[in-house]
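# Summary of structural features
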Amino acid sequence: MKCISKPCSFFAIVLMLSSVFMSGCSSIPYEAKYSIDKSTTSNRCEPFAADKCIADVEDISSQDMQVNDKVSAGLFDINRRRTLYAKNVHERLKPASLTKVMTAYIALKYYGDQLDKVLVADSSVYANESGAQALGLKEGCSMTLNEALCALLIYSANDVANLIATNLAGSIEAFADMMNAEALKLGATQSNFKNPNGLNVEDHLVTAYDMYLIFSAAMKYDKFSEIISMNSYDVKWTDENGEGQSRTIDNTNGYLRGDVAAPSGVTVIGGKTGTTNAAGHCLILLAKDGSGNPYIAVIMRDTDGDTLYSDMTNMLNEIVK
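Residues numbered from 1 in each chain as written. Predicted model: local features only at pLDDT ≥ 70, side-chain atom pairs only at ≥ 80, totals over all residues. Heavy atoms only, no water.

## Examining the pattern of salt bridges
As a reminder of what qualifies: Salt bridges are defined by distance alone: a side-chain nitrogen of Lys or Arg within 4 Å of a carboxyl oxygen of Asp or Glu. Burial classification: accessible surface area is computed with a 1.4 Å probe over protein chains only, and a residue below 20% of its type maximum counts as buried, one above 50% as exposed, and the rest as partly exposed. Helix numbers and strand numbers start at the N terminus; a helix is a DSSP run of H or I with at least 4 residues, a strand a run of E with at least 2.
Within the structure shown, the criterion is met by nine salt bridges. Arg 80 is paired through a salt bridge with Asp 77; the nearest N and O atoms lie 2.9 Å apart. Accessibility expressed as a relative area gives 0% for Asp 77, which makes it buried. When the shortest N-O distance is used, the salt bridge between Glu 182 and Lys 109 registers 2.8 Å. Highlighted residues: Glu 182 in helix H5 (residues 172–185) and Lys 109 in helix H2 (residues 99–111), separated in sequence by 73 residues. Connected through salt bridges with shared partners, the residues Asp 77, Arg 80 and Arg 82 form a single ionic network.

Written out as structure tokens, the structure reads:
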């Protein structure tokens, strides 16, 4: 388990791949990708994941740390490019509302300079799954992209995810296509998105490692980091009758709400929660140690909320060991 940071020669790559094909296929596919666009005049190229933590097929664990056997979990030291903990990180699972990290990433990548853009709800805005979290938008309601991103990431509003998707891509299906295309660009090759909110649908799947890659990409946008760190927000929109509406929304993250305490020496900056019956309980976080060094921690498919936060706290303890 290590992070790749040195450039490799193009010729060496060709020889390596040639030897693989000449000697037959192994049970573990070789999936490293290289960017020709980054090649230099010295005929050397940087690895696709030169700035990322690499998680092998085997798990990495600590004798002192235990998490639920069924979870998929990973802890990544961003600056040092180290994977501190990994358990089932390449297993494809339903991500629930962790999906909304990708929704926000696409919105910020392509429309981050248009946060005052007005989004208008059509008939696809409704989140029809039983128990689905929603702001209560109806057809004809409108809100700015900035307000929508706050409702999406802080309150996890599923109807707002639909609003963003249809306004930015024309339809939920077209936005899902954008999500899958962007996932491939990020190296999140095991992801398959079907909607912008993570409500249950067949073959909507992501791995914990892919979520680390997607969250890391989203963090490059200051607006994303700003929103996920908010405890609450007064979101505003215009209803279908043209009347202004507002509502105070609280963050769904237990650490930010003060319901759960992070380990001593660790500060939770923010993150994204996700829960459905099919996906279980999921959480991805940005945390920092006492020196300000950042980490990404992700858990998927935990059994209940209390166990999720207990497992996450145990994993965050690895930061200060």
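Moving on, there is more to tell.
## A closer look at helix H6 (residues 208–218)
Filter applied, for reference: Should any heavy atoms of two residues lie within 4.5 Å, those residues are counted as being in contact.
Extensive coverage of H6 is indicated by the burial of eleven of its eleven residues. For H6, the set of buried residues is Ala 208, Tyr 209, Asp 210, Met 211, Tyr 212, Leu 213, Ile 214, Phe 215, Ser 216, Ala 217 and Ala 218. Close packing links the buried residues of H6 with strand S3 (72–77), H2, helix H7 (222–228), strand S9 (267–276), strand S10 (280–288) and strand S11 (294–302).

## Some thoughts on the confidence of the model for the protein chain
Selection rule: Looking at any residue, its pLDDT shows the predictor's confidence there, from 0 to 100.
Looking at the protein chain as a whole, the pLDDT averages 86, with 81% of positions reaching at least 70. Counting contacts from residues 1–48, a segment whose pLDDT is below 50, to residues more than four positions away or on other chains yields 57 contacts.

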